[in-house]
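In case you want the letters, here they are:
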Amino acid sequence: MQNVPEERMVRRRVGSEDVEECKKNGGTGIEEVEKESLMMELTRLVQKMVKESSWWERRGIDCSILAAAFLCLPPAFLLLGSSQLLWFSAGVLLMGVAHAVITIKGTHLASHGALSESQAWAKFWAVFFIEICGSFSARAGVQGHIKMHHAHTNVIGLGDSSVWKVPFLPRTIYLFIAPLTVPIITPLVALAHLKGHSAALIARTMLMVTLGLYSQYWLLIHVSGFQSPLTALLCMLVCRAMFSVPYIHVNIFQHIGLDMFSPTSRPKRIYQMTHGVLNLPRNPVLDWIFGHSLINCHVEHHLFPFLSDNMCLKVKPVVSKYLTEKKLPYQQDSYFSRLNIFFHKYQELMVFAPPITELVGVQ
């Protein structure tokens with residue numbers, strides 16, 4: 001069963017004894033107990049929904065979407081061998097969509113261990129999706145995403161999303177052209193992250209990344225019938241870069257420009273996530289390709305990062321209602337509204353250092 005791990009969500013249990021002790025000390029610390037209790041109460045509500053959900057809801061739906069993406073690959077390779085422009089274009093589109101589902105939704109779920117209850121299988125899927133399919137290091141991916149971004153969301157110098165900033169690029173280049181180079185940059189960044197690691201880890205990562213890239217190249221040559229290595233590589237780039245622009249946008253829209261916190265005075269988890277994370281609205285394309293947890297359930301995902309995409313969507317009404325009732329932020333904005341903000345405030349958001357937010361009364 002996919003339970004929300006309480007030990008990762010709540011730092012300590014707080015009971016009535018704690019409240020009485022706070023009262024004896026003149027009331028200092030009562031607010032601390034209440035803040036811890038907010039996250040505990042919300043966690044219990046979410047856990048109840050998870051326990052009442054079937055395996056199909058917890059994991060099956062997302063696994064089926066990934067399986068469908070893999071099943072799209074054979075017809076995509078065959079369509080890419082057509083001499084008819086219409087069928088060839090359909091092959092490119094099908095390959096691009098399938099690749100995005102596998103390498104964005106798949107790698108994200110795999111990095112969180114959301115594809116299996118078994119730790120051994122979770123590690124296997126992380127290597128398969130992140131290294132073979134995504135051309136990146138599984139170790140670096142988990143370290144950067146889980147242990148930095150999620151553990152220190154919007155904390156300056158730790159999980160502040162500055163990894164996505166390239167200050168020397170003009171805004172138009174950064175927002176609309178540079179993302180197309182992501183398929184080329186990704187394996188190079190993976191190699192850079194391998195420095196200082198064991199020879200076995202380096203060898204495995206290089207082997208897996210090479211296997212993934214060469215497999216697609218070999219199939220384009222021998223199944224699709226590409227005559228030139230250059231055209232095969234160009235086709236790989238086009239398919240892999242098809243959703244790179246919205247991928248970069250989503251990664252910056254939902255954190256940068258929101259409240260940022262100092263490492264020495266960060267608020268409690270529930271305040272940190274509600275002030276530093278934003279949901280985009282439902283999108284019929286991005287919801288299924290990127291996954292709900294990256295689009296319209298990003299707040300839920302940061303509060304409960306080990307839930308699958310479908311479970312994030314299922315608990316969304318409970319989370320939004322609870323936060324609203326407790327008068328906590330539940331931030332939402334449209335894709336094009338965020339794009340407009342980043343385009344007109346590019347220097348402020350993507351070049352200059354962000355201001356640090358002090359949440360008075362909730363520290």
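Residues numbered from 1 in each chain as written. Predicted model: local features only at pLDDT ≥ 70, side-chain atom pairs only at ≥ 80, totals over all residues. Heavy atoms only, no water.

Colleague: Help me understand the overall build of the chain, please; the structure alone is not making it clear to me.
Modeller: Within the chain, the regular secondary structure consists of 19 helices and zero strands. Buried positions account for 49% of the 363 residues belonging to the chain. Long-range contacts, defined as pairs at least 24 residues apart, comprise 72% of the intrachain contacts of the chain with a sequence gap of at least 6. For the chain, the accessible area works out to roughly 17600 Å², and carbon and sulfur atoms hold 65% of it. (Helix = DSSP H or I, 4+ residues; strand = E, 2+ residues; numbered from the N terminus. Buried < 20%, exposed > 50% of the residue type's maximum accessible area, 1.4 Å probe, protein only. Contact = heavy atoms within 4.5 Å. Areas by Shrake-Rupley, 256 points an atom, 1.4 Å probe, with all protein chains shown as cover.)

Colleague: How do you make sense of helix H13 (residues 244-253) when you look at a structure like this?
Modeller: Each full turn of the α-helix corresponds to 3.6 residues, which orients residues three or four apart in the same direction. In terms of burial, H13 is largely enclosed, as nine of its 10 residues are buried. Taken together, the buried positions of H13 are occupied by Ser 244, Val 245, Pro 246, Ile 248, His 249, Val 250, Asn 251, Ile 252 and Phe 253. On its buried face, H13 is in contact with helix H9 (171-177), helix H10 (182-193), helix H12 (229-241), helix H15 (286-290), helix H18 (335-344) and helix H19 (346-351).

Colleague: Explain the state of the cysteines here, please?
Modeller: Within the structure shown, the criterion is met by zero disulfides. Here Cys 235 is not disulfide-linked; the sulfur of Cys 239 is the nearest cysteine sulfur, at 4.1 Å. (Disulfide = S-S within 2.5 Å.)

Colleague: Which parts of the structure should I look at to understand the pattern of salt bridges?
Modeller: Two side chains with opposite charge may pair up if their charged atoms get near one another. A full pass over the atoms with the stated rule returns nine salt bridges. Note that Glu 52 and Lys 48 form a salt bridge whose closest N and O atoms lie 2.7 Å from each other. Between Asp 287 and Arg 282 there is a salt bridge, with the nearest N and O atoms lying 2.6 Å from each other. We classify Asp 287 as buried; its relative accessible area is 2%. Members of the salt-bridge network, linked through shared partners, are Arg 58, Arg 59 and Glu 117. (Salt bridge = Lys/Arg side-chain N within 4 Å of Asp/Glu carboxyl O.)

Colleague: I would appreciate a short explanation of the side chain of Gln 272 in the present structure.
Modeller: Along the polypeptide, Gln 272 turns up in helix H14 (residues 269-276). In this structure, Gln 272 is in contact with Ala 151, His 152, Thr 153, Val 155, Phe 261, Arg 266 and Pro 267, ignoring residues within four places of it in sequence.

Colleague: Where do I start with the packing of aromatic side chains in this structure?
Modeller: Two measures describe an aromatic ring pair: the distance that separates the ring centres and the angle between the ring planes. Using the criterion set out here, one finds 17 aromatic pairs in the structure. Pairing Phe 128 with Phe 129 gives two aromatic rings, centres 5.2 Å apart and planes at 85°, and the pair type is edge-to-face. Here the aromatic cluster, defined as three or more aromatic residues joined through ring pairs, consists of Phe 70, Trp 121, Phe 124, Trp 125, Phe 128 and Phe 129. In this structure, Arg 171 is placed above the aromatic ring of Phe 343, and the distance from its NZ or CZ to the ring centre is 4.0 Å. (Phe/Tyr/Trp six-rings, centres within 6.5 Å; stacked < 30°, edge-to-face > 60°. Lys NZ or Arg CZ within 6 Å of the ring centre and 35° of its normal.)

Colleague: Honestly, the nonpolar core in this entry has me stumped. Any pointers?
Modeller: Nonpolar side chains tend to gather and get buried jointly when the protein is soluble and globular. Core analysis: the biggest nonpolar cluster contains 50 residues, and Tyr 174, Leu 220, Ile 252, Phe 290 and Met 350 have the highest contact counts within it. The greatest single-element share of this core, amounting to nine residues, is contributed by helix H6 (residues 85-111). (Core = buried A, V, L, I, M, F, W, Y, C linked by side-chain atoms within 4.5 Å.)

Colleague: Looking at this structure, how should I read a nonpolar patch on the surface?
Modeller: Taken together, the side chains of Ile 184, Ile 185, Leu 188, Val 189, Leu 191 and Met 206 make up a nonpolar region of the molecular surface, amounting to roughly 520 Å² of accessible area. Ranked by the residues each element gives to the nonpolar patch, the list is headed by H10, at five residues. Position of Ile 184 among the secondary structure elements: in helix H10. Residue classification places Ile 184 among the partly exposed positions, given a relative accessible area of 47%. (Patch = residues over 30% accessible without salt bridge, like charges linked within 9 Å, V, L, I, M, F, W, Y side chains within 5 Å.)

Colleague: Hey, could you run me through helix H11 (residues 199-222) in this one?
Modeller: For H11, with 24 residues, the first-to-last C-alpha span of 33 Å sits near the 34 Å given by 1.5 Å per residue. Every buried residue of H11 is listed here: Leu 201, Thr 205, Met 208, Val 209, Gly 212, Gln 216 and Leu 220. The inward-facing, buried residues of H11 contact helix H5 (73-79), H6, helix H7 (119-133), helix H8 (138-150), H10 and H12. (Expected span 1.5 Å × (residues − 1).)

Colleague: What's the story with the confidence of the model for the chain in this structure? I'm lost.
Modeller: Taken as a whole, the chain shows an average pLDDT of 89; of its residues, 88% reach a score of 70 or greater. Element-level pLDDT for the chain is lowest in helix H1 (residues 6-9), with a mean of 37, against a maximum mean of 98 in H5. Across residues 1-28, confidence stays below pLDDT 50; counting only partners more than four residues off in sequence or on other chains, it has 53 contacts. (pLDDT = per-residue confidence, 0-100.)

Colleague: Explanation requested: the environment of Asp 259 in the structure shown.
Modeller: The residue Asp 259 is located in the loop between H13 and H14 in this model. C-alpha of Asp 259 to C-alpha of Gly 276: the two residues are 17 residues apart in sequence and 5.2 Å apart in space.

Colleague: Mind showing me how you'd approach the packing of helix H4 (residues 55-71) against H6 here?
Modeller: The geometry of a pair of packed helices is captured by two quantities: the angle between their axes and the separation between those axes. Closest axis-to-axis distance for the H4/H6 pair is 9 Å, and the angle between their directions is 145°. Between H4 and H6 lies a crossing of left-handed hand. Contacts from Asp 62, Ile 65, Leu 66, Ala 69 and Phe 70 of H4 reach H6 at Ala 98, Val 101, Ile 102, Lys 105, Gly 106 and Leu 109. (Axes fitted to C-alpha atoms, helices over the stretch in contact; angles between N-to-C directions. Left-handed = near helix turned anticlockwise from the far one by under 90°.)

Colleague: Is there a simple way to explain the side chain of Asp 62 in this structure?
Modeller: Here Asp 62 lies in helix H4. Among the residues examined, Asp 62 registers a relative accessible area of 2% and is labelled buried. There is a polar contact of 2.7 Å between the side chain of Asp 62 and the side chain of Lys 105. Setting aside chain neighbours within four positions, we find Asp 62 in contact with Lys 105, Leu 109, Ser 308, Asp 309 and Asn 310. (Polar contact = N/O pair within 3.5 Å; in protein donor to acceptor, adjacent residues only side chain to side chain.)

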